[in-house]
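Below are the chains, spelled out letter by letter.
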Amino acid sequence: MQDLSAIRQRLQHDLREQIQRVENFENRLRQPGDEDWEEQATQRSNDEVLQSLSVQAHEEIEQIRRAISRIDEGSYGRCARCDKPISQARLELMPYTTTCVDCA
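Residues numbered from 1 in each chain as written. Predicted model: local features only at pLDDT ≥ 70, side-chain atom pairs only at ≥ 80, totals over all residues. Heavy atoms only, no water.

Colleague: In this structure, what is going on with the UniProt feature "domain: Zinc finger DksA/TraR C4-type" (unreviewed entry) in the chain? I would like to understand it.
Modeller: Here the UniProt-annotated "domain: Zinc finger DksA/TraR C4-type" (unreviewed entry) positions come out as residues 74–104. Along residues 74–104, the helical share is 19% and the strand share 0%, with 21 Å between the first and last C-alpha atoms. (UniProt positions renumbered as here; feature names shortened; annotations may be inferred. Helix = DSSP H or I, 4+ residues; strand = E, 2+ residues; numbered from the N terminus.)

Okay, here's the thing in C-alpha cells:
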C-alpha cells in the first residue's frame, strides 16, 4: 500500500480544489441575470449546467471527506462490502473509492 500520508495529502488537495469549484459555481449562480429575454434563456440553461456540476462537486467533496476519515480510522484501502484489499491501481484512479473491482 502506498504511503497513507501521501494519499491523505492528495485527498486534501483534491478537497480544496472541489471546494473552490463549488464556490466558483455558486458565485456565478448569484450573478444578476441579463435583461434581454433571449439572453436570460441562455443564462438559465447555463445555470442548470452549473447547478448540476455543483451537485456533482458536492458529492465528490463528501466522498473525499469519507476517504480521509477512513485513513484516520485505519480502514482505508479495504472494500466496504467484502473487506478485501482494494487494488493499488484502483485507488490511484479513484482514491476515494470504497469497493474493490469485484464488488463495484
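Colleague: Explanation requested: the environment of Asn46 in the structure shown.
Modeller: Among the structural elements, Asn46 can be located in helix 2 (residues 37–73). Residue classification places Asn46 among the partly exposed residues on the basis of a relative accessible area of 37%. With 17 residues separating them in the primary sequence, Asn46 and Leu29 have C-alpha atoms 9.3 Å apart. (Buried < 20%, exposed > 50% of the residue type's maximum accessible area, 1.4 Å probe, protein only.)

Colleague: What exactly am I supposed to notice about helix 1 (residues 4–30) here?
Modeller: Working note: α-helix, 3.6 residues per turn, so residues spaced by three or four point in the same direction. With 27 residues, helix 1 should reach 39 Å at 1.5 Å per residue; the first-to-last C-alpha distance of 39 Å fits that figure. Those residues of helix 1 that fall on the buried side of the exposure criterion are Ile7, Leu11, Asp14, Leu15, Gln18, Val22 and Phe25. (Expected span 1.5 Å × (residues − 1).)

Colleague: Whenever I open this one, the state of the cysteines confuses me. Can you help?
Modeller: Each disulfide is one covalent bond, formed between the sulfur atoms of two cysteines. Per the stated rule, a full pass over the model turns up zero disulfides. The thiol of Cys79 is unpaired, and the distance to the nearest cysteine sulfur, on Cys82, comes to 3.7 Å. Not engaged in a disulfide, the cysteine Cys100 finds its nearest cysteine sulfur in Cys103; these two sulfurs lie 3.7 Å apart. The class for Cys100 is buried, based on a relative accessible area of 8%. (Disulfide = S-S within 2.5 Å.)

Colleague: I would appreciate a short explanation of the nonpolar core in the present structure.
Modeller: Side chains of a nonpolar character, in soluble globular proteins, are inclined to be buried together. In terms of nonpolar packing, the biggest core is built from 18 residues, with Leu11 and Tyr76 touching the most fellow members. Sorting the residues of this core by element identifies helix 1 and helix 2 as the ones contributing at least two each. For this core, the element with the most residues is helix 2, which contributes seven residues. (Core = buried A, V, L, I, M, F, W, Y, C linked by side-chain atoms within 4.5 Å.)

Colleague: What is the right way to read the side chain of Arg90 from this model?
Modeller: Note that Arg90 resides in helix 3 (residues 88–93). No salt bridge forms around the buried Arg90; measuring N to O, its nearest opposite-charge neighbour Asp102 is 9.3 Å away. Discounting residues that sit within four places of it in the chain, Arg90 has contacts with Thr97, Thr99, Cys100, Val101 and Ala104. (Lys, Arg positive; Asp, Glu negative; His and termini not counted. Salt bridge = Lys/Arg side-chain N within 4 Å of Asp/Glu carboxyl O. Contact = heavy atoms within 4.5 Å.)

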